[in-house]
Amino acid sequence: MSDNSSKQAVRIVEVGPRDGLQNEKQSVPTDVKLELIARLADAGLRDIEATAFVSPKWVPQMADHADLMRRLPRRAGVGYPVLVPNLKGLEAAIESGASEVAVFAAASEAFSQKNINCSVAESLVRFEPVMAAARAAHVKVRGYVSCVVACPYEGPVAPQRVADVAARLHAMGCYEVSLGDTIGVGTPATVRAMLQAVASRVPVSQLAGHYHDTWGMAVANVAASYDLGVRVFDASVSGLGGCPYAKGASGNVATEDVVYLLHGLGADTGVDLGRLVDTSAWISGVLGREVGSKVARALRAACA
Ligand SMILES: CC(C)(COP(=O)([O-])OP(=O)([O-])OC[C@H]1O[C@@H](n2cnc3c(N)ncnc32)[C@H](O)[C@@H]1OP(=O)([O-])[O-])[C@@H](O)C(=O)NCCC(=O)NCCSC(=O)C[C@@](C)(O)CC(=O)[O-]
């Protein structure tokens, strides 16, 4: 038996079923999504973002949110957070049995308008009743800030701006704030500067890194964030994903790559890399695409 007592525990929030699939051109059947979630749980993931209660006109791929949540078999010790943009989304999520949700804001005005059709300030006002209703229903709320390094429409985003939005989400009761490099342009230097600004306003223990891999820097950004004390990372199996309202954004950092990195740094994620790699190969096959993780490809080649 291995001794994990001295290892740093790191929580991985698997966002593949939501962030990974929201941008898929082909329709992904609910049964496939349910099987993906089950396989991810079998691989040891304990936080699996299952879907988004957003407008089906805006994101058709998530239109089966209520059906999926009703049919999702719950497992002890596994959380299935869902995205909600407003009170309507929260009410529908709770009705479908969700016990954890996430609200999402941005550090860039242009992205906020494109993604949720309102300004950053309006979105924060919109979240107040969501927070109050969630509190009353004992539903945990996570917060996201998008465009923490740059915006696809406005360019570079000042770290102070990210800190302001993150601090507002934290102050309104989000138990954790996930920092999204939505278009994956961050480098360890820009991510570090952003994190230092945010950590002066929100305890680092309540921050998560959510890095896309468009420019190939996401694993380096996870390592830089880990060095600064971040112990929660969002990732997507096989690197699936991208935001439909962020031009040019590619997938999240692959969960397999994050797990390999963190285990190499001596951290404990609770994830079985072999089973995760099998899941990555399975979902990539179903979607008819190459596996998007270098670690998964290397491990499969080594075992062939
Ligand atoms: C926020 C809205 C709804 C505003 O959209 P709107 O058009 O301004 O809203 P509205 O209130 O005028 O409603 C328009 C229609 O949508 C319906 N509606 C309204 N709300 C809901 C709801 N919750 N669920 C279902 N339906 C809803 C509403 O009932 C109405 O239906 P109609 O009367 O026309 O038939 C829309 O812009 C939206 O749904 N946006 C979501 C976009 C999205 O999901 N983006 C991807 C997730 S964010 C992301 O990926 C980034 C992240 C988190 O991963 C971090 C990172 O990487 O940066």
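Shown above is the structure to which this text applies.
Worth saying up front: this structure is predicted, and the values here are computed from it rather than measured. (Residues numbered from 1 in each chain as written. Predicted model: local features only at pLDDT ≥ 70, side-chain atom pairs only at ≥ 80, totals over all residues. Heavy atoms only, no water.)

**Student:** How do you make sense of the packing of aromatic side chains when you look at a structure like this?
**Tutor:** The description of an aromatic ring pair rests on the distance of the ring centres and on the angle between the ring planes. What the rule picks out here adds up to 0 aromatic pairs. The ring centre of Tyr175 lies 4.4 Å from the NZ or CZ of Lys140, which sits over that ring. (Phe/Tyr/Trp six-rings, centres within 6.5 Å; stacked < 30°, edge-to-face > 60°. Lys NZ or Arg CZ within 6 Å of the ring centre and 35° of its normal.)

**Student:** Help me understand the site of the ligand in this model?
**Tutor:** Surveying the vicinity of the ligand reveals 27 residues, the closest of which are Lys57, Asn115, Asn117, Ser146 and Thr182. One of the side-chain N or O atoms of Asp19 is found 3.1 Å from an oxygen atom in the ligand. The contact in question runs from an oxygen atom of the ligand to an N or O atom on the side chain of Lys57, over 2.5 Å. Among the elements of the structure, helix 1 (16-20), helix 4 (87-95), helix 5 (109-116) and strand 7 (140-146) are those that each provide at least two residues to the shell around the ligand. (Near = heavy atom within 4 Å. Polar contact = N/O pair within 3.5 Å; in protein donor to acceptor, adjacent residues only side chain to side chain. Helix = DSSP H or I, 4+ residues; strand = E, 2+ residues; numbered from the N terminus.)

**Student:** Is there a simple way to explain the sheet that holds strand 12 (residues 232-235) in this structure?
**Tutor:** Within a sheet, adjacent strands bond to each other through the backbone by hydrogen bonds, running parallel or antiparallel. Spatially, 3-2-12-11-10-7-6-5-4 is the arrangement adopted by the 9 strands of the open sheet, whose pairing is parallel. Each of the sheet's edge strands pairs with one partner strand only, and the pair in question is strand 3 (47-48) and strand 4 (51-52). Alignment of strand 4 against strand 5 (residues 82-83), held across 2 bridges, turns out to be parallel. Paired with Thr51 across the bridge in strand 5 is Val82. Of the strands in this sheet, strand 6 (100-106), strand 7 and strand 10 (176-181) are in contact with helix 7 (residues 159-171), which crosses strand 7 at around 170 degrees. Docked against the sheet, helix 10 (residues 255-264) engages strand 2 (11-14) and strand 12, running at close to 175 degrees with respect to strand 2. (Pairing = 2+ DSSP bridges. Contact = heavy atoms within 4.5 Å. Axes fitted to C-alpha atoms, helices over the stretch in contact; angles between N-to-C directions.)

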